[in-house]
Each structure stands twice: as structure tokens, then as C-alpha cells.
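# Structure at a glance
What follows is each chain in one-letter form.
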Amino acid sequence: MILFVHNKKLKMKYSNEFYFGIRVDSLEQDIKASLLELKDKAIQNTDLIVHQGLKDTLVIQHEVATGIEVIKNKVSKTLDTEIEKLNQELLQGDLDELKNRTMHEVDIKDQKIKNLDVDIRRIKITYDWSSYYKVLIGIVALSSIDALMNYSSYQVIAKYLFLAILLAIATAVGLSFASHTIGKRMQKALTTKAKWIWFLSGLFGGGVVFFGLGLLRQTYLRDTGLLANSPIIWMLLNNFFFAVAVLLAYTKLPTEAQEKEKQLKDQKLLEIEKLKKEKSELIGQLEREVKRIHECKQKLESFKIYRNNLFTQLDSERDHIISNCNREFTIKCGSRLQSPPQLLIQNDQLS
């Protein structure tokens, strides 16, 4: 993860990984400007001590060392703030506690999932739900024969063919719903007599509807001589298919108990999916926190390395500036600079 800084305030932009550590452009520009100023001032002061006839550059060396320490303080002030923030983040992020808590909650959800799996295996499904929609299609088809064969006759009461088709569809839907409802009522009936009452009542109601539709067909065809156009024949034909649809609904559709079986199983399957989703969210939250802590450690280490590198660079610049001043002093004085080892030790201590 690379850190770029574009102004005095620490503004950070991150990529996906750490590649080249941390870099604060504004700080480096300030260091560069301060070093340039320090170098120029050191050279100027070297000329002054030559003119004044001093025998060494100890004053300049101390001044340069002090200037470098000022720059180091600026580096520390800028970077230590971010280092402290990262340290606080690491202290506040108790990763071990989060791992233990997450694993505990995951274990609880795994146990609940196992319990639900056991419950699902105990539920006995007594209806073949793979044939459910086939039965529904059969009921609709048997109840819609009149609409398919005789939709144009609806133009007797509807002027336009489009409206006639809509009326035919509405009739087919109503008859399908009626056959489905009668069949379910027969399932719920407690006695054989009640079943027969529902069945015969359905046939009577269907007969009335189909007789009326037969009259529409006869009026539309304008031919009452043919036996096939008789409303009674038309009623008997369609009522036969309607009766088959009712019996199909009675014998092939699931009972109320069978529907409850499926509802219970579906409910438990939904609970399992919900638990799995919650488990996945817990694990994802833990992974994100682990990643955040890892990145925080990487950033902290990069800040420390960057700060130490700047300090090392400043120490090198200090030695370089002092070396240049000594060279200038030696050249202009025409004599060898006497810089005892004690002076170098003092410089190291100042850094």
C-alpha cells in the first residue's frame, strides 16, 4: 500500500498492497528546502570564519548539527502523529477476542443448522410435488375446453373479437378456479355424503354455465337444426370435462395436511439459509477485521521505516555539509583542518 501526500496536512491515498512503503511529498519538499538553506548558510559562514582567521569549523559543525536536529524534530512531529494513531488502532482492535467470539457464534449457528437438518429428515413428504403443476395444467385445460373451442361465440354479447377473447379467458379462469375449489372442498369433507353434495352441486352449477354458453354458441352459429348445436348437448359435453377436472382436483391435488408438510419443510429450509447467511456474514466480518489489522501493522511498520530512513538520510546530509565546509575551509586557509576524533563523537551524540 503506497501513501502519497500532496499538502501540509497528511492526506493519504491507498492502493491494494504495500509495494514501496510510505512517502510524504510535502515533508520531503520541506526537508529539501531546509537542507538547501542550511548548506548555503554553512558555506557563507565558512567564508566568514576564514576572513575572521578562526582555526577550525567547530562553530559551523555545531550549527549544522543543530539545524539537522530541527529538521528531525519536524519529521518526528509529522510522522509520529500518524504512528500514534496507528498504535491506538492496534490497541483498540482486540483480534483474539473477536476471533473467539466469532467462532463461538459460528459454532452456535452450525449446531442450529444440524438440528434443522435433523428436523427436515424427520418430515415425511407424502405427496409427489413434482406432479403438482402438471395436475394444475390438466385442471385448467379441462375447464377451458369451451373457451378454446367456442371463443368466437362470445361476440354475441361482445361486439369486438378482442373483447370476446377476453370474456372467454375470464370464463376459463372462473371455471378452473371453481373446479379447483370444489375438489379441495371434497377433500376436506368429513363424510361421503358431504363429498357427493359438493360434487353434484358443482356439476349443477357447471351445467347452468355451460347451458348458457351453449345458447350463445347456437345464437352465434344461427343454426338450430343440427344436434351438435343443441345447448343441452353442448352442456353435457363440457360438463363431462368439468366433472373430470373436479375429480382430478379431488384425487390428485395435495390435501391440507400434505400442504402443511411442505410448508414446514420450506420454513425450515429458509431458516437454514438464513443461518448460513448470518454465519457467512460473521466470517466475512472477522476476515475484514483481520485484514484491517494486518494493513494497520503494515502501515505502522512502513511509517517507522520511512522515519528512520529520513533520519539516516539527514545524518548523511549533516556529514556531507560539514565535509563540504571543511573542504572549503581547508582550501581557502591553505592548511589542513584539524578535527580531533572527539569532535566526531560529539556530532554523533548530537544526532
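See above for the structure.
Below is a short write-up of the structure. (Residues numbered from 1 in each chain as written. Predicted model: local features only at pLDDT ≥ 70, side-chain atom pairs only at ≥ 80, totals over all residues. Heavy atoms only, no water.)

### Side note on helix 6 (residues 161-188)
The following threshold applies: Strands here are runs of E lasting at least two residues and helices are runs of H or I lasting at least four, both read from the DSSP assignment and numbered beginning at the N terminus. The span expected for a helix works out to 1.5 Å for each residue beyond the first. Burial classes follow relative accessibility: with a 1.4 Å probe on protein chains only, a residue under 20% of its type's maximum area counts as buried, one over 50% as exposed, and anything between as partly exposed.
In this model, helix 6 (28 residues) spans 41 Å end to end at C-alpha, consistent with the 40 Å of a helix rising 1.5 Å per residue. The set of residues buried in helix 6 consists of Ala-164, Ala-168, Thr-171, Ala-172, Leu-175, Ser-176, Ser-179, Ile-182, Gly-183, Lys-184, Met-186 and Gln-187.

### Observations concerning the nonpolar core
As a reminder, the rule being used: Nonpolar core, defined: a set of buried Ala, Val, Leu, Ile, Met, Phe, Trp, Tyr and Cys residues in which side-chain atoms within 4.5 Å join the residues together. Note on contacts: a residue pair qualifies if any of its non-hydrogen atoms lie within 4.5 Å across the two residues.
Core analysis: the largest hydrophobic core is formed by 28 residues, its most contacted members being Ile-31, Val-64, Val-75 and Leu-79. For this core, the elements supplying multiple residues, two or more each, are helix 1 (25-51), helix 2 (58-92) and helix 9 (256-333). Per element, the largest residue contribution to this core is 11 residues, and it comes from helix 9. Filtering out sequence-adjacent residues up to four positions away, Val-75 remains in contact with Leu-27, Ile-31, Asp-80, Arg-307, Leu-310, Phe-311 and Leu-314. The next biggest cluster of nonpolar side chains, apart from the first, holds 19 residues, and it includes Ala-147, Leu-175, Phe-199 and Phe-210.

### Overview of the pattern of salt bridges
Here is the rule: Every case where a carboxyl oxygen of Asp or Glu lies within 4 Å of a side-chain nitrogen of Lys or Arg is listed as a salt bridge.
A full pass over the atoms with the stated rule returns 17 salt bridges. With a closest N to O distance of 3.6 Å, Lys-268 and Asp-119 form a salt bridge. On the criterion of sequence distance, the pair formed by Lys-268 in helix 9 and Asp-119 in helix 3 (residues 95-122) is long-range, its members being 149 residues apart. Exposure remark for Lys-268: the relative accessible area of 16% places this residue in the buried category. Residue Asp-119 is classed as partly exposed on the basis of its relative accessible area, which comes to 27%.

### As for the packing of helix 4 (residues 132-143) against helix 6
What counts, and what does not: Every angle, taken between N-to-C directions, lies between 0 and 180 degrees, and every axis is a line fitted to C-alpha atoms, over only the stretch in contact when it is a helix. Any angle that is under 35 degrees is reported as roughly parallel, and any over 145 degrees as roughly antiparallel; angles of 65 to 115 degrees are reported as roughly perpendicular and all others as oblique. Should the near helix be turned counterclockwise from the far one by less than a right angle, the crossing is left-handed, whereas a clockwise turn marks it as right-handed. Residue polarity is assigned by list, with Asp, Glu, Lys and Arg as charged and Ala, Val, Leu, Ile, Met, Phe, Trp, Tyr, Cys and Pro as nonpolar; anything else, Gly included, falls into the polar class.
Relative to each other, helix 4 and helix 6 sit at 125°, their axes nearing to 8 Å. With respect to helix 6, the axis of helix 4 lies oblique. Our pair here, helix 4 against helix 6, has a crossing hand that is right-handed. Residue-level contacts link Leu-136, Ile-139, Val-140 and Ser-143 of helix 4 to Ala-172, Leu-175, Ser-176, Ser-179 and His-180 of helix 6. A per-class count over the contact of helix 4 with helix 6 returns five nonpolar, four polar and no charged.

### Focus on the environment of Leu-166
Structurally, Leu-166 is set in helix 6. For Leu-166, a relative accessible area of 41% puts it in the partly exposed group. For the pair Leu-166 and Tyr-154, spaced 12 residues apart in sequence, the C-alpha to C-alpha distance is 9.2 Å.

### Here we look at helix 2
As a reminder, the rule being used: At any given residue, the bend is defined as the angle formed between two axes, one fitted to the seven residues that end at that position and one fitted to the seven that begin there.
Here helix 2 is 35 residues long and its end C-alpha atoms lie 49 Å apart, about the 51 Å a rise of 1.5 Å per residue gives. At Leu-79, helix 2 is bent by approximately 30°, the largest bend along its length.

### What about the packing of aromatic side chains?
Any two aromatic rings considered together are summarised by their centre-to-centre distance and by the angle between their planes. To keep things clear, this is the line we draw: The pairing test for Phe, Tyr and Trp rings, Trp by its six-membered ring, is centres within 6.5 Å, and the orientation test on the planes gives stacked under 30 degrees, edge-to-face over 60, and tilted for anything in between. When the NZ atom of lysine or the CZ atom of arginine is within 6 Å of a ring's centre and also within 35 degrees of its normal, the charge is said to sit over that ring.
Tallying each qualifying case throughout the model produces six aromatic pairs. When the ring of Phe-210 is compared with that of Phe-242, the centres are 6.0 Å apart and the planes differ by 70°; the resulting orientation is edge-to-face. Note that Phe-210 is positioned in helix 7 (residues 192-221) and Phe-242 in helix 8 (residues 231-252), a separation of 32 residues in sequence. Phe-210 gets classed as buried once you look at its relative accessible area, which sits at 2%. These aromatic residues form a ring-pair network of at least three members: Tyr-127, Trp-129, Tyr-132 and Tyr-133. Directly above the aromatic system of Phe-311 lies the positively charged group of Lys-72, at a separation of 5.7 Å from the ring centroid. In this structure, Arg-217 packs its charged tip against the face of Trp-234, placed 4.3 Å from the ring centre.

### With respect to the environment of Ile-157
Its location among the elements puts Ile-157 in the loop between helix 5 (145-150) and helix 6. Considered as a pair, Ile-157 and Tyr-220 are 63 residues apart in the sequence and their alpha carbons are 9.8 Å apart.

### Some details on the side chain of Arg-307
Position of Arg-307 relative to the elements: it lies in helix 9. Residue Arg-307 is classed as buried on the basis of its relative accessible area of 18%. Not counting residues within four places of it along the chain, the set of residues in contact with Arg-307 comprises Val-75, Leu-79, Asp-80 and Ile-83.

### A short note on the packing of helix 6 against helix 7
Look at helix 6 against helix 7: their axes get within 8 Å of each other, and the N-to-C directions meet at 170°. Relative to helix 7, helix 6 is oriented roughly antiparallel. Here the hand of the crossing between helix 6 and helix 7 comes out left-handed. Residue-level contacts link Thr-171, Leu-175, Ile-182, Arg-185, Met-186 and Gln-187 of helix 6 to Lys-195, Trp-198, Phe-199, Gly-202, Val-209, Phe-210 and Leu-213 of helix 7.

### Some points on the environment of Gly-53
Along the chain, Gly-53 turns up in the loop between helix 1 and helix 2. Taking the C-alpha atoms as reference points, Gly-53 and Cys-333, 280 residues apart in sequence, are found 8.5 Å from one another.

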